[in-house]
Amino acid sequence: VQEELTSNDITLKVIGIGETRAATEFCNFSGLSLDVLFADPDASLHDALQLKRGPGWTLSDDVSDGLLKFGLSTLPGGVPEDDSLLRPTANAWLNYLAMCAGIGAPGTLTEILRGYFGDMSAPERFGSDDIVKAGFIEIGPGVGPVKIGPLTYSQWWGDEKGYQRPVELATVRLKNMVEVLTKWNTYVTNPTVIDRRGATYLFDENGKVLYEYQHKGVLTYSETMSRPLSFLTPYIDKDKARNPLGFADTGGNADDDNKSKRGRGILKPAGKAMGLLKPIFSYENKIQAQVLDVEDADAASARKEIEDAVSQNDVVIYTYGLSPFSSEALGVLDEAGCSNYKKIELGLEWFLLGKEASAKRLELLKMTGQSSLPHVFIGGKHIGGLFTGTAEGGPGLAALKESGELEKLIEAASSREKESDE
């Protein structure tokens, strides 16, 4: 937001702990202009403002220098060459590590969890072309692809857009951590002050404080971490303050937030895992039909009912009454503005089906190759289940919603019906 601040007559000043070479390295990495960054090697301003330092613990004199040296040898930067810095450095590390564990650092653990579990109220944080490499781990481009040594896979939320996805913020932090750890001696020239937290101030032209926030934890640098710069909303463009990176953003209000959850969350990996059970479900489907004495005539009748329903309606969905996947699929259709879908409930669950419903379930399997419900048909074409794709490579209902194709398919199906009526 540096240009936005300048255009609104707001001067940006950043004070960082470190020396000039650290400031240069940071600006090269972050894109911040070097002329607004001031290096403070000894954190004198932080101390003058009495900023947070965690629990403020001090190691007992009973702890030997040998033990301190052993502990510091396991940490970045190692043991200081100057023995007079041994205890100050050890004390700084003690307080910093305590803060990492949430001790004397309110909000730190919550913020760590937010980085891993995601935040529906926050915009995206990782660019679609961004890549992070940490040893044998490579993440990207974007939040989907992951490579761990020879193992390659894609995150199940990789196709989701418009919010801070699970591990997305943690990936950004990993990128920052790799930068610091690989250049530790450049960034940290005075390890005795690594426990100092920062602060944010906004002054008017007369020096009156308009906003103040002292960072309490390791990762908590704003009162509104989902949108850290929202305090600037009265002074700069609202959208820029709420989403300074300009990545995809569903808006973060309550209505949009509730809508955006459809087809996401814990059901998604569960649905993906169900695909591994397809052979079992397919076999069970056929056994159930045999046990209930489903004959060829029953199967033919069931197939005709399915074909008639699919041909006579824009959108048809076959469901189980107690299935969370079925309920979620209905919610996705509702969210997409589809108000005229035909819902056909085969029963409460697969193990509670009667002869007729079991025949339809078996015919759906034969027609589509999909062994689970829900089954969704749009414009006469099978598009899969909630997360289950089609044999032709279709991604399924939730993925169509994420790509924006679902609304187009529904609209095309509706147009088809109107043309046939004319």
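The present account deals with the structure reproduced in this document. (Residues numbered from 1 in each chain as written. Predicted model: local features only at pLDDT ≥ 70, side-chain atom pairs only at ≥ 80, totals over all residues. Heavy atoms only, no water.)

## Looking at the pattern of salt bridges
Now for step 1: In the structure shown here, the tally under the stated rule is 27 salt bridges.
Now for step 2: A salt bridge links R196 to D195; the shortest N-O distance between them is 2.8 Å. Each member of the pair, R196 as well as D195, carries the same accessibility label: buried.
Now for step 3: Here E405 ties to K408 by a salt bridge, and the two come within 3.4 Å at their closest N and O atoms. Placement of both E405 and K408 in helix α17 (residues 405-421) is noted, with a separation of three residues, approximately one turn of the helix.
Now for step 4: In this structure E405 comes out as partly exposed when scored by relative accessible area, which is 34%.
Now for step 5: On the basis of relative accessible area, K408 is assigned to the exposed category, the value being 52%. (Salt bridge = Lys/Arg side-chain N within 4 Å of Asp/Glu carboxyl O. Buried < 20%, exposed > 50% of the residue type's maximum accessible area, 1.4 Å probe, protein only. Helix = DSSP H or I, 4+ residues; strand = E, 2+ residues; numbered from the N terminus.)

## Points about the pairing of strand β8 (residues 209-214)
Now for step 1: Where strand β7 (residues 199-203) meets β8, five bridges bridge the pair, whose relative direction is antiparallel. Paired with Y201 across the strands is E212, a residue of β8.
Now for step 2: Hairpin connection from β7 to β8: five residues lie between these consecutive antiparallel strands, with G207 at a positive phi of about 90°. (Pairing = 2+ DSSP bridges.)

## Describing the side chain of N91
Now for step 1: Mapping N91 onto the fold places it in helix α5 (residues 86-100).
Now for step 2: Residue classification places N91 among the buried positions, given a relative accessible area of 16%.
Now for step 3: Discounting chain neighbours no more than four positions away, the residues touching N91 are W57, T58 and L59. (Contact = heavy atoms within 4.5 Å.)

## Details of the packing of aromatic side chains
Now for step 1: Using the criterion set out here, one finds seven aromatic pairs in the structure.
Now for step 2: Ring geometry for W93 against W184: centres 5.9 Å apart, planes inclined by 15°, an arrangement best described as stacked. With W93 in helix α5 and W184 in helix α8 (residues 184-187), the pair connects residues that are 91 residues apart, well separated along the chain. Comparing W93 with W184 shows no difference in burial state: the two are buried. (Phe/Tyr/Trp six-rings, centres within 6.5 Å; stacked < 30°, edge-to-face > 60°.)

## Here's the deal with the nonpolar core
Now for step 1: One finds L333, I378, L386, L397, L406 and I410 to be the most contacted residues of the largest nonpolar core, which totals 21 residues.
Now for step 2: Counting only elements with at least two residues in this core, the list comes to β9 (315-320), α14 (324-335), β11 (375-378), α16 (397-403) and α17.
Now for step 3: Considering every element that reaches this core, the biggest residue donor is α14, with five residues.
Now for step 4: If we skip the residues at most four places from it in the chain, L397 touches A329, V332, L333, V376, I383, G385, L386 and L406.
Now for step 5: By size, the runner-up hydrophobic cluster in this structure holds 13 residues, among which are A309, Y320, L346 and F377. (Core = buried A, V, L, I, M, F, W, Y, C linked by side-chain atoms within 4.5 Å.)

## Comments concerning the packing of helix α6 (residues 108-117) against helix α7 (residues 168-182)
Now for step 1: Look at α6 against α7: their axes get within 4 Å of each other, and the N-to-C directions meet at 105°. On the basis of their axis angle, the class for α6 and α7 is roughly perpendicular. Within the contact between the two elements, α6 uses E111, I112, R114, G115 and Y116 and α7 uses E168, L169, A170 and R173.
Now for step 2: Each residue belonging to the contact of α6 with α7 can be placed in one class, and the counts come to four nonpolar, one polar and four charged. (Axes fitted to C-alpha atoms, helices over the stretch in contact; angles between N-to-C directions. Parallel < 35°, antiparallel > 145°, perpendicular 65-115°, else oblique. Nonpolar A, V, L, I, M, F, W, Y, C, P; charged D, E, K, R; others polar.)

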